[in-house]
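# Observations on the model geometry
Spelled out, the chains give:
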Amino acid sequence: MSGQRLMGISVHGLGYVGCVSAACFAAEGHRVIGVDVNSDKVDALRSGRSPIVEEHIGEYIAQTVTDGALSVTTDADAAVMASDISLVCVGTPSAPGGGLSTGFLEQATAAIGTALARKDGWHVVVYRSTMVPGTCDELLIPLLERTSHKRAGIDFGVCVNPEFLREGSSVRDFHQPPKTVVGETDRRSGEIVMDLYDGLPGPRFHVPIRVAEMVKYVDNSFHALKVGFANEVGAICNALQLDSHAVMDIFLADTKLNISGAYLRPGFAFGGSCLPKDVRALTHTARRNDIDVPLLANVLTSNEVHLRRAVDFVIKADHRRVGIFGLSFKQGTDDLRESPMVELAERLIGKGFDVKIYDANVSLSRLTGANRTYIEQRLPHIGHALVDDVDAVLRHGDVLIAGSAAPEVVETLSRARADQLVIDLVRLPEAAAWRDRPNYAGIAW
């Protein structure tokens, strides 16, 4: 890693992540001190033997111990005093109820904080351990401040730097990460940590600490989701005497919609003429063949729960006059088939809300053919709520629901009064600015 500033790094916790991190940073030329309470593990490392089985890690540890780049100790205090950065890599196992067990984190943090109380100069505490959002801000930083009698972001830095190491290829993953994420209390500390990865490929993100904490959970949950999805597809294909790998080869070849960022931006429920009916048909096929597919079977349940979130938003606002902007299942179309916006409007009307709706593409004055018949025969109450005047909907609603980000909708909502609540289902442009308004609420952000 050319141009990199070499640092003194203490690595607290020499399990899988700690060993790999310590060995790889030492191999890059940093002076690394490994810390662990397990004396057998420390003795093994001190003799140049790896306590974990992993490709290349044995030779990395043997070489860096021989070179003096990697040393190990049970003395956390001494390690902090002799380093510039402390990487916390201790385990965060599941608690009995499924939550996070923070005991090891607290022990390591208290030891580091006690050392910081006596240390002069800037020191950065970096958490590599996986922990749920809020753990650092609400538990670990206060513990560091209590034990050090210093202030985070002023007297020392704190960062969260999640790892993306796969067992079996962790050394390669260290040198070729998919991304590098640093959550930071202050930019100075964030830059110090990011500099550790100078020269490595992949995008880099300086983010708030809670975002960095969340990233690893999102990644691993999606990986688990992918495995479950593939296995359920495989089970259905097997029952239908199809080669699941041939099917998935075609699926994987689509990098525009399937293996891509498509559909992965939080928003409102899905609808339309394809997704709901095809999920139903596939799960029905599974049932007919006695194949249990709980993941696929609950996709529509998840969608329904998300729709109810929007209804609950409106009910909680405790206002009866509602203006809805957007009715079709997708912006830029007039297709109302299984539109979640139609379902939302129907439920609000059914609960006695006074609803007016604007959608330029679904305006009754322009509607012809099947959609006009659909509204007149199946949704007459919604037809009565549709108006052609966007400003009339703005004037009507004490609650304004953004179901479209069409330019005229964005402009209209920008004129909402302070006493009108804007509920955003589509993430309006410049959502960060909208979020500063006290009368704005996003459904999933």
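Residues numbered from 1 in each chain as written. Predicted model: local features only at pLDDT ≥ 70, side-chain atom pairs only at ≥ 80, totals over all residues. Heavy atoms only, no water.

Identification of the chain as UDP-glucose 6-dehydrogenase from Mycolicibacterium chubuense is taken from an unreviewed UniProt entry. Taken verbatim from the UniProt record of the chain, the Catalytic activity (unreviewed entry) comment is "UDP-alpha-D-glucose + 2 NAD(+) + H2O = UDP-alpha-D-glucuronate + 2 NADH + 3 H(+)". Heading Pathway (unreviewed entry) of the UniProt record for the chain holds this comment: "Nucleotide-sugar biosynthesis; UDP-alpha-D-glucuronate biosynthesis; UDP-alpha-D-glucuronate from UDP-alpha-D-glucose: step 1/1." (UniProt positions renumbered as here; feature names shortened; annotations may be inferred.)

## Side note on the overall build of the chain
Check the secondary structure of the chain and you find 19 helices and 13 strands. By principal-axis analysis of the C-alpha atoms, the chain measures approximately 80 × 60 × 45 Å. Each of the 445 residues in the chain was classed as buried or not, and the buried ones make up 46%. Long-range pairs, those at least 24 residues apart, make up 69% of the contacts in the chain with a sequence separation of at least 6. Only carbon and sulfur atoms are counted for the fraction: they give 53% of the accessible area of the chain, which is about 21,700 Å². Distance between charge centres in the chain, computed from 45 positive and 55 negative side chains, equals 3 Å. (Helix = DSSP H or I, 4+ residues; strand = E, 2+ residues; numbered from the N terminus. Buried < 20%, exposed > 50% of the residue type's maximum accessible area, 1.4 Å probe, protein only. Contact = heavy atoms within 4.5 Å. Areas by Shrake-Rupley, 256 points an atom, 1.4 Å probe, with all protein chains shown as cover. Lys, Arg positive; Asp, Glu negative; His and termini not counted. Charge placed at Lys NZ, Arg CZ, Asp CG, Glu CD.)

## Here's the deal with the sheet that holds strand β8 (residues 204-207)
Strand order in the open sheet made by the eight strands is β3-β2-β1-β4-β5-β6-β7-β8, with mixed pairing throughout. Looking along the sheet, the strands with just one partner apiece sit at the ends: β3 (70-73) and β8. Strand-to-strand, the axes of this sheet are offset by a mean angle of 20°, without reference to chain direction. Judged from the four bridges that link them, strand β1 (residues 8-12) and strand β4 (residues 85-88) form a sheet pairing that is parallel. Counterpart to Ile-9 in the pairing with β4 is Ile-85. (Pairing = 2+ DSSP bridges. Axes fitted to C-alpha atoms, helices over the stretch in contact; angles between N-to-C directions.)

## Re the UniProt feature "binding site: substrate" (unreviewed entry) in the chain
Residues annotated in UniProt with the feature "binding site: substrate" (unreviewed entry) correspond here to Phe-164, Leu-165, Arg-166, Glu-167, Lys-216, Tyr-263, Leu-264, Arg-265, Pro-266, Gly-267, Gly-271 and Lys-330. Annotated residues spanning 167 residues; largest pairwise C-alpha distance 41.4 Å, indicating distribution over more than one region. Within the secondary structure layout, Phe-164 lies in the loop between β6 (157-160) and α7 (170-175). Among the structural elements, Arg-265 can be located in the loop between α10 (244-253) and α11 (275-288). With relative accessibility at 76%, the residue Arg-265 sits in the exposed group.

## So, a nonpolar patch on the surface
Side chains of Phe-222, Leu-225 and Leu-264 sit close together on the surface and give an oily, nonpolar patch of about 260 Å² of accessible area. Structurally, Leu-225 is set in helix α9 (residues 209-239). A relative accessible area of 41% places Leu-225 in the partly exposed class. (Patch = residues over 30% accessible without salt bridge, like charges linked within 9 Å, V, L, I, M, F, W, Y side chains within 5 Å. Salt bridge = Lys/Arg side-chain N within 4 Å of Asp/Glu carboxyl O.)

## Some remarks on the packing of aromatic side chains
Aromatic ring pairs are reported here in terms of the distance separating the ring centres and the angle at which the planes meet. For the structure shown, the criterion picks out five aromatic pairs. Measuring from ring centre to ring centre gives 5.0 Å for Phe-25 and Phe-174, while their planes differ by 90°; the resulting arrangement is edge-to-face. With a gap of 149 residues between them, Phe-25 in helix α1 (residues 16-27) and Phe-174 in helix α7 connect regions that are remote in the sequence. Residue Phe-25 shares its accessibility class with Phe-174, and that shared class is buried. For the ring pair Phe-174 and Tyr-197, a centre distance of 6.3 Å and an interplane angle of 50° mean the geometry is tilted. Note that Phe-174 is positioned in helix α7 and Tyr-197 in the loop between α8 (187-195) and β8, a separation of 23 residues in sequence. Take Phe-174: its relative accessible area is 3%, and that puts it in the buried class. (Phe/Tyr/Trp six-rings, centres within 6.5 Å; stacked < 30°, edge-to-face > 60°.)

## Some thoughts on the pattern of salt bridges
Tallied over the entire structure, the rule returns 21 salt bridges. Across the pair Arg-395 and Asp-389 runs a salt bridge, and its minimum N-O distance is 3.8 Å. Residue class for Asp-389 comes out partly exposed when judged on its relative accessible area of 36%. Where salt bridges share partners, they join Glu-304, Arg-308, Glu-343 and Arg-347 into one cluster.

## Concerning the nonpolar core
Most often, soluble globular proteins have nonpolar side chains that are buried together. Counting residues in each nonpolar core, the largest one holds 40 residues, and the members touching the most others are Ile-9, Val-11, Phe-25, Val-32, Ile-85, Leu-87 and Val-124. Not counting chain neighbours up to four residues away, the residues in contact with Val-11 comprise Gly-18, Ala-22, Val-32, Ile-33, Gly-34, Val-35, Leu-87 and Cys-89. Ranked by size, the runner-up nonpolar core spans 30 residues in total, among them Ala-317, Val-322, Leu-336 and Leu-379. (Core = buried A, V, L, I, M, F, W, Y, C linked by side-chain atoms within 4.5 Å.)

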